[in-house]
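Okay, here's what each chain looks like letter by letter:
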Amino acid sequence: MAKKFNQLAYTDLDDFVYGSCPNPVTTKSGMVIGGGMVYPEINFTLPGMDINDVTMPKAATIYSNIIEGVLKRAAELYAPGVLIEFETLPDFTEHPKYGIEVNRILLNGMKEASEKYGLKTAIRTTPNDLREFSRPPVMRSGKYWETMLELYEQCARDGSDFFSIESTGGKEIHDSALVKADIRLAIFALGILGCNDMEFLWKHLVNLSNANSCFAAGDSACGFANTAMVLAEKGFIPHVFAAVIRVTAVPRALVAFEQGAVGPSKDCAYEGPYLKAITGSPISMEGKTAAGAHLSPIGNIAAAVADTWSNESIQQVKLLSEMAPVVAMEQLIYDCRLMNAATLNGQQLMFRDLLVQSDSALDVQAYVLRPDVVMRISAELVKTQDNFLRTKLAAQLTVAELKKAIVEGKVKSDKRDMKWLDKMEKAIETIPDDPNEFYNEMKSVLDMDKFIPSEYGL
């Protein structure tokens, strides 16, 4: 039976900090994520190359070199533990034997580092969601679904600690919503299609993880809210629209935890603070040290309540000092050292607030990650258990928070931002509370060639 979150996991804002949470997770190696310490989470990938039977030996050697290099550096810098994230390339999921081989290489590297250095490690295995490769996407069956499950199951049997995914349910509609900056369409994609898919997907992933001694960690709205952030950074859509989408994606991500996920949530899920406030589970976040993967206006504030700190991903390319993943490993370790030192010296709350203050007034996307804003909005979201109503409410609450902040001069804004917020507010008010009624309304504007309603239980 799905969990229901009807109250916050925190009663005091001062307890809502990085490195600690009410429901920490202990790995096989003894790392306690959310138990008082922030751990580095390193993610890496291949340089540009084709993947096939001929090139796989080269790819395998590259991954072997990466894991050896990053864990050697982690040991040299006395890291208390390292979380490895293996995000598969599309070819690794489409051909599970490739993904399984690389996952085993990483597990073997971790075992060697444990024996050689005494280094604690854990691995998050994140197959990419290929279901959207069918057009229109087939979400509940077919070769892409089957190969993904095959990869998950074998990696869990081989020893993976965590499962994650950047799932794509509803993305075929949400992409259009972003291009048009259409909040009604976005709410439909996230609150109906996305949430329905998450229920189906995460029920399977939680059952699979439980059967194979692996933790179901969490999902990410990367293809939704992070895409919005990148588009906003490039000037294609308003920053306020991207900020509203960020919080509107929270109920969708929460479904994974309702189905039994335990964290740490996915690094590029900047909705993580909301998930932590509601579930009390640990979260992974990324910010300034993810600049090798993408730019963002939330480099410091993202760390304010993080339990693992990630670089998002970086290719195995040579920099002046060392290979890029080794450089990222060093940067993450020093970031985490500073946060953990503040905790040990009783300055955790002050350091959290400095991380917040350095970003929150400069961009609306940073403002919605303020711990106080997160707590306020989350406290309202748990008052309803309906995923669609939560999604609609998340958008409404975020618009209201941003309008108030702009009027009070608490956040830098564009002169057009208030007009966009007014426009979104009016559009949200026209959305009925009944999801079936809303779906019937939306049929006239939906491109029915882009998605299959039955794949979302419609």
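Residues numbered from 1 in each chain as written. Predicted model: local features only at pLDDT ≥ 70, side-chain atom pairs only at ≥ 80, totals over all residues. Heavy atoms only, no water.

Looking only at helices and strands, the protein features 17 helices and nine strands. Against the globule reference of 23 Å for 458 residues, the protein gives a C-alpha radius of gyration of 21 Å, in line with a compact fold. Scored against the burial criterion, the 458 residues of the protein give a buried share of 61%. A separation threshold of at least 6 residues defines the contact pool for the protein, and within that pool the share at least 24 residues apart is 74%. Total accessible area computed for the protein in this model is approximately 17,300 Å², and 52% of it derives from carbon and sulfur atoms. For the protein, the distance from the average site of its 46 positive side-chain charges to the average site of its 59 negative ones is 2 Å. (Helix = DSSP H or I, 4+ residues; strand = E, 2+ residues; numbered from the N terminus. Rg over C-alpha atoms; globule rule 2.2 N^0.38 Å. Buried < 20%, exposed > 50% of the residue type's maximum accessible area, 1.4 Å probe, protein only. Contact = heavy atoms within 4.5 Å. Areas by Shrake-Rupley, 256 points an atom, 1.4 Å probe, with all protein chains shown as cover. Lys, Arg positive; Asp, Glu negative; His and termini not counted. Charge placed at Lys NZ, Arg CZ, Asp CG, Glu CD.)

Moving on: the sheet that holds strand β6 (residues 162–165). Taken in spatial order, the seven strands of this open sheet run β7-β6-β5-β4-β3-β9-β8, and their pairing is parallel. Where the open sheet ends on each side, the last strands, each with one partner, are β7 (215–219) and β8 (284–286). Put simply, the sheet's adjacent strands are angled 30° from each other on average, direction ignored. Pairing analysis gives two bridges linking strand β5 (residues 121–126) to β6, with the strands arranged parallel. When the bridges of β6 are listed, Thr125 appears paired with Phe163. Together, β5 and β6 form the strand contacts of helix α4 (residues 143–158), whose direction differs from that of β6 by roughly 160°. (Pairing = 2+ DSSP bridges. Axes fitted to C-alpha atoms, helices over the stretch in contact; angles between N-to-C directions.)

Mapped onto the elements of the fold, Leu332 is located in helix α11 (residues 324–344). For Leu332, a relative accessible area of 0% translates into the label buried. Taking the C-alpha atoms as reference points, Leu332 and Ile377, 45 residues apart in sequence, are found 30 Å from one another. For Leu332, the contacting residues outside a window of four places in its chain are Pro40, Glu41, Ile42, Thr289, Trp309, Ser310 and Asn311.

Scanning the entire structure with this criterion turns up 32 salt bridges. Of the charged contacts, one joins Glu425 and Lys403 as a salt bridge, the two residues approaching to 2.9 Å between their closest N and O atoms. Placement of Glu425 in helix α16 (residues 417–429) and of Lys403 in helix α15 (residues 387–407) is noted, with a sequence separation of 22 residues between them. The residue Asp414 makes a salt bridge to Arg416 at a minimum N-O spacing of 3.0 Å. (Salt bridge = Lys/Arg side-chain N within 4 Å of Asp/Glu carboxyl O.)

Geometrically, the link from Arg135 to Pro136 is a cis peptide bond, its omega value of -5° lying close to zero. For Pro136, the location among the structural elements is in the loop between β5 and α4. In this chain, Gly263 is followed by Pro264 through a cis amide linkage whose omega measures -5°. Along the polypeptide, Pro264 turns up in the loop between α9 (250–258) and α10 (272–279). Even without a glycine there, the phi angle at Ala181 is positive, about 50°. Along the polypeptide, Ala181 turns up in the loop between α5 (171–180) and α6 (183–211). Even without a glycine there, the phi angle at Glu312 is positive, about 75°. Topologically, Glu312 is positioned in the loop between β9 (308–310) and α11.

Let's shift gears to the layout of surface pockets. Here the largest pocket is characterised by a volume of approximately 420 Å³. The wall of the largest pocket is formed by 23 residues, among which Glu87, Thr88, Asn128, Asp129 and Glu166 lie closest to the centre. Along the lines of polarity and charge, the residues of the lining of the largest pocket split into eight nonpolar, 10 polar and five charged. (1 Å grid on protein atoms, 1.4 Å probe; cavity = no way out; pocket = protein on both sides within 12 Å on 5 of 7 lines; lining within 4 Å. Points joined across faces, edges and corners; volume = space filled by probe spheres on them. Nonpolar A, V, L, I, M, F, W, Y, C, P; charged D, E, K, R; others polar.)

To continue, consider the side chain of Arg184. Relative to the assigned elements, Arg184 resides in helix α6. Taking relative accessible area as the criterion, Arg184 reaches 19% and is therefore assigned buried. Discounting residues that sit within four places of it in the chain, Arg184 has contacts with Ala427, Thr430, Ile431, Phe438, Glu441 and Met442.

To continue, consider the packing of α5 against helix α7 (residues 222–233). At a minimum axis distance of 10 Å, the contact between α5 and α7 shows a crossing angle of 25°. Comparing the axis directions of α5 and α7 gives the class roughly parallel. Seen from above, α5 lies across α7 with right-handed handedness. On the side of α5, the interface is formed by Lys171, His174, Asp175 and Leu178, while α7 contributes Gly223, Phe224, Thr227, Ala228 and Leu231. Grouping the constituent residues of the contact of α5 with α7 by class yields four nonpolar, three polar and two charged. (Parallel < 35°, antiparallel > 145°, perpendicular 65-115°, else oblique. Left-handed = near helix turned anticlockwise from the far one by under 90°.)

So, on to helix α1 (residues 56–76). In this model, α1 (21 residues) spans 30 Å end to end at C-alpha, consistent with the 30 Å of a helix rising 1.5 Å per residue. Three or more residues of α1 are buried, namely Met56, Ala59, Ala60, Ile62, Tyr63, Ile66, Ile67, Gly69, Val70, Leu71, Ala74 and Ala75. On its buried face, α1 is in contact with β3 (39–43), β4 (82–87), α2 (90–94), α3 (96–117), β5 and α11. Looking one or two residues beyond α1, the residue adopting positive phi is Tyr78, at roughly 60°. (Expected span 1.5 Å × (residues − 1).)

We now examine the pairing of β4. For a regular strand, side-chain orientation follows a simple rule: the groups alternate between the two sheet faces. The buried fraction of β4 amounts to six of the six residues, a majority that puts the element mostly inside the structure. A crossover connection joins β3 to the parallel β4 through α1; in handedness this β-α-β unit is right-handed. Pairing of β4 with β5 involves six bridges; the strand directions are parallel. Across the sheet, the residue bridging to Glu87 is Thr126, located in β5. (Right-handed = clockwise from strand over helix to strand, strands pointing away.)

Here α9 crosses α10 at 50°, and the two axes come no closer than 10 Å. The pairing of α9 with α10 is recorded here as oblique in orientation. The handedness of the crossing between α9 and α10 comes out as right-handed. Across the interface between the two elements, Val250, Ala253, Leu254 and Phe257 from α9 touch Tyr274, Leu275, Ile278 and Thr279 from α10.

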